[in-house]
Amino acid sequence: MGHIKIAKAEGAYDITSADGVLSVKIENTDDIEIVYSGGTKSTIVGTGLAQVDAQLVIDAIDVMDGASGPAPLVELSTKSIVITGAALS
């Protein structure tokens, strides 16, 4: 399974899947929502995230989709983020 790493403060990171991605978009003004074909989503919550950050996520997913190996580290405009997962409603 391909995944990407999202940089957080103090060298930490969260991971999210790069497989089966249907869309990546800005949601609720400054969150990034990744929607997957299995009826689930990941949301990257952080203050001030913008389309340029969403594009960084898209670029990393393009590298990893269907691949294996070391995941690219995505450095967003803020490292104060939380990634949540949920079923689509």
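Residues numbered from 1 in each chain as written. Predicted model: local features only at pLDDT ≥ 70, side-chain atom pairs only at ≥ 80, totals over all residues. Heavy atoms only, no water.

Caption draft 1: Molecular detail of the environment of Ile-6. On the secondary structure map, Ile-6 appears in strand 1 (residues 3–7). Along the primary structure Ile-6 and Ala-60 are separated by 54 residues, whereas in three dimensions their C-alpha atoms are 9.8 Å apart. Look past the residues within four positions of Ile-6 in its chain and what remains in contact with it is Ala-12, Tyr-13, Asp-14, Ile-44, Val-57, Leu-73, Val-74, Leu-76, Ile-81 and Ile-83. (Helix = DSSP H or I, 4+ residues; strand = E, 2+ residues; numbered from the N terminus. Contact = heavy atoms within 4.5 Å.)

Caption draft 2: Spotlight on the sheet that holds strand 4 (residues 31–36). Spatial strand order, 3-4-5-7: four strands in an open sheet with antiparallel pairing. Among the strands making up the open sheet, the edge pair consists of strand 3 (21–27) and strand 7 (81–87). Neighbouring strand axes in the sheet, compared pairwise and without regard to direction, differ in orientation by 15° on average. Strands strand 3, strand 4 and strand 5 (40–46) of the sheet are contacted by helix 1 (residues 51–64), whose axis makes an angle of about 165° with strand 3. (Pairing = 2+ DSSP bridges. Axes fitted to C-alpha atoms, helices over the stretch in contact; angles between N-to-C directions.)

Caption draft 3: Representation of the packing of aromatic side chains in the model. Taken as a whole, this structure holds zero aromatic pairs when the rule is applied. Between Lys-5 and the ring centre of Tyr-13, over which it is positioned, the NZ or CZ distance is 4.9 Å. (Phe/Tyr/Trp six-rings, centres within 6.5 Å; stacked < 30°, edge-to-face > 60°. Lys NZ or Arg CZ within 6 Å of the ring centre and 35° of its normal.)

Caption draft 4: Quick peek at the sheet that holds strand 2 (residues 13–17). Across the sheet, three strands lie side by side as 2-1-6; this open sheet has mixed pairing. Each having just a single partner strand, strand 2 and strand 6 (73–74) make up the two edges of the open sheet. As judged from the five bridges shared by strand 1 and strand 2, these two strands associate in the antiparallel manner. When the sheet's bridge partners are listed, Ile-6 is paired in strand 2 with Asp-14.

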